[in-house]
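Structural description and commentary
Each chain, letter by letter, is given below.
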Amino acid sequence: MPRAVVQTGDDAGIAQASALIRQGVLVAIPTETVYGLAGDATDDRAVAEIFEVKARPLFNPLIVHVLDREAAVRHAFLSDAAVRLAGAFWPGPLTLVAPRHRDCQISRLASAGLDTVALRAPAHPVARALLRKCERPLAAPSANPAGRLSPTEAGHVAAMLGERVSSILDGGPCRFGIESTVVDVSTDDPALLRPGAIAADEIEACLGHALATAGIGPARSPGMQLRHYAPRVPIRIDAERVAPTEALLAFGPTPLAGAAETLNLSLTGDTTEAAANFFAMLHRLDDPRFTGIAVMPIPARGLGIAIRDRLRRATEADDAARHPD
Ligand code: TXA
Ligand code: MG
């Protein structure tokens, strides 16, 4: 395949992307979290190609993007809790795992054979315009090869998947820069499956009670295996000093001195700003001229929780189930 064409996310670009999607062709698209590798979720072949292009194991289900709650309930049952969460956070970076209807048209492969489907209504105007135009649900995992960093700019997608996709829709840098929060609302006991761009305490405030967290991990969310989001250069977290051969991912007003190169996630110590910069800065420091990337301590509050989760996954020792998505 020739190198991917990067299309501007204007009306013409969206019309072209929509035509490709309707032909069963994959298109990389912007969302407010990260770029997604999108295909028609009702087309088994397109969905299979997503797994193939990403080299993603088939047991790891995909997120399906819809325009709104009305579209979501055509595919799955939304409990009272689910309706409340969708009302509060959609469109936006919240994914709800809900039971599929018996006649659900979404490819079983997108659900990896489970009886549930992960649904989200994205807020990015380009993603929304595409959903409106192509009139079908879009399966879209992050547009990176399995186990690599998630892309937050069109250029990241071109660098990682440029030989594997024909078209990338450019919607600028992603506002949140970290994936959506995934909540399982398929039981009476909503559970946090993946910390993400909406902090868990906001979701708990909306529900009026705590989320079960026993769900975090491979058991309830197949994509949560260790060794995810990994840069190629070794990474170490909670660094208190840095070597002159290392890159430093700093946080806060007093970065450690002495690194070969330093990028600061947030000079003011703002975890939301840090999340937006996180993958983009890791992409820039993931360079073999450094012996490693040292990351300063990120506080476990607000979006710091999701950042710490991604960092832990990037540093965890290899295991048999590495590189899920
Ligand atoms: O921000 C995002 O969510 C991005 C953008 C592109 O929307 N998408 C994304 O999708 O991160 P993906 O496919 O890389 O992540 C899907 C996550 C995985 O952890 C997966 O295991 C979980 O959602 N998941 C999907 N379907 C599920 C299901 N039926 N039951 C449990 N977990 C599910
Ligand atoms: Mg991913």
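Described below are features of the structure shown in this document. (Residues numbered from 1 in each chain as written. Chains lettered and ligands numbered in written order. Predicted model: local features only at pLDDT ≥ 70, side-chain atom pairs only at ≥ 80, totals over all residues. Heavy atoms only, no water.)

Concerning the environment of V34
Residue placement: V34 occurs in the loop between strand 2 (27–29) and strand 3 (36–40). As a C-alpha pair, V34 and A118 span 84 residues in sequence and 16 Å in three-dimensional space. The contacts of V34, once residues within four sequence positions are left out, are I29, S142, S150, P151, T152, C174, G177, I178, E179 and F279. (Helix = DSSP H or I, 4+ residues; strand = E, 2+ residues; numbered from the N terminus. Contact = heavy atoms within 4.5 Å.)

Some words on the sheet that holds strand 11 (residues 235–236)
Overall, parallel pairing links the 4 strands, which are arranged 11-14-12-13 in an open sheet. Each edge of the open sheet is held by one strand with a lone partner, namely strand 11 and strand 13 (261–264). Of the pairings in the sheet, the one linking strand 11 to strand 14 (residues 293–295) comprises 2 bridges and is parallel in character. Directly across from R236, in strand 14, lies its bridge partner A294. (Pairing = 2+ DSSP bridges.)

Quick look at the nonpolar core
With 50 residues, the main nonpolar core has L85, L94, L96, L119, V183 and I203 as its most contacted residues. Of all elements in the fold, only helix 2 (44–54), helix 3 (69–75), helix 4 (80–89), strand 5 (94–99), strand 6 (116–120), helix 6 (154–161) and helix 7 (200–207) reach the threshold of two or more residues within this core. Those residues in contact with L119 that lie beyond four places of it in its chain are V64, V66, A72, A76, W90, L94, T95, L96 and I106. Grouped together as the second largest cluster of nonpolar side chains are 29 residues, A199, F251, M281 and L303 included. (Core = buried A, V, L, I, M, F, W, Y, C linked by side-chain atoms within 4.5 Å. Buried < 20%, exposed > 50% of the residue type's maximum accessible area, 1.4 Å probe, protein only.)

Re the packing of aromatic side chains
Any aromatic ring pair is given by two values, namely how distant the centres are and how the planes are angled relative to each other. As enumerated under the stated definition, the model contains 1 aromatic pair in all. With centroids separated by 5.1 Å and ring planes inclined at 55°, the aromatic side chains of F278 and F279 adopt a geometry described as tilted. Residues F278 and F279 agree in their burial class; the two are buried. (Phe/Tyr/Trp six-rings, centres within 6.5 Å; stacked < 30°, edge-to-face > 60°.)

Quick look at the environment of A243
Along the chain, A243 falls in the loop between strand 11 and strand 12 (247–250). Counting along the chain gives 222 residues from A243 to I21, while the straight-line C-alpha distance between them is 48 Å. If we ignore the near neighbours within four places in the chain, the residues touching A243 are R236, G258, A259 and A260.

Things to note about unusual backbone geometry
Most peptide bonds take the trans configuration, and most residues that are not glycine carry a negative phi. With an omega of -10°, the peptide bond between W90 and P91 qualifies as cis. With respect to the helices and strands, the residue P91 is situated in the loop between helix 4 and strand 5. The phi dihedral of A55 is positive, around 55°, even though this residue is not glycine. When you line up the elements, A55 lands in the loop between helix 2 and strand 4 (63–65). A positive phi is found at D238, a non-glycine position, where the angle reads about 55°. Relative to the elements of secondary structure, D238 occurs in the loop between strand 11 and strand 12.

Concerning the packing of helix 1 (residues 11–22) against helix 5 (residues 125–134)
In contact at an axis separation of 9 Å, helix 1 and helix 5 are set at 50° when each is read in the N-to-C sense. Here helix 1 is positioned oblique relative to helix 5, judged by the angle of their axes. The hand of the helix 1/helix 5 crossing is right-handed. On the side of helix 1, the interface is formed by I14, A15, A17, S18, I21 and R22, while helix 5 contributes V126, A129, L130, K133 and C134. In terms of residue class, the contact of helix 1 with helix 5 is made up of 8 nonpolar, 1 polar and 2 charged. (Axes fitted to C-alpha atoms, helices over the stretch in contact; angles between N-to-C directions. Parallel < 35°, antiparallel > 145°, perpendicular 65-115°, else oblique. Left-handed = near helix turned anticlockwise from the far one by under 90°. Nonpolar A, V, L, I, M, F, W, Y, C, P; charged D, E, K, R; others polar.)

Side note on the side chain of D40
Its place among the elements puts D40 in strand 3. At 3.4 Å, the side chain of D40 forms a polar contact with the side chain of R136. Once you skip the residues sitting within four places of it in the chain, D40 turns out to touch I21, A46, V47, R136, P137 and L138. (Polar contact = N/O pair within 3.5 Å; in protein donor to acceptor, adjacent residues only side chain to side chain.)

With respect to the pattern of salt bridges
The full count for this structure, using the stated rule, is 14 salt bridges. Salt-bridge contacts for E246 lead to R236; the nearest nitrogen and oxygen are separated by 2.8 Å. A residue pair is termed long-range when its members are at least 10 positions apart, and E246 in the loop between strand 11 and strand 12 and R236 in strand 11 qualify at 10 residues. Of the residues examined, R236 reaches a relative accessible area of 33% and is grouped as partly exposed. For D309, the salt bridge is made with R310, and the minimal N-O distance between the two is 2.7 Å. Of the two residues, D309 and R310, neither departs from the other in class, the shared state being buried. Salt bridges sharing common partners tie together E179, D309, R310 and R312. (Salt bridge = Lys/Arg side-chain N within 4 Å of Asp/Glu carboxyl O.)

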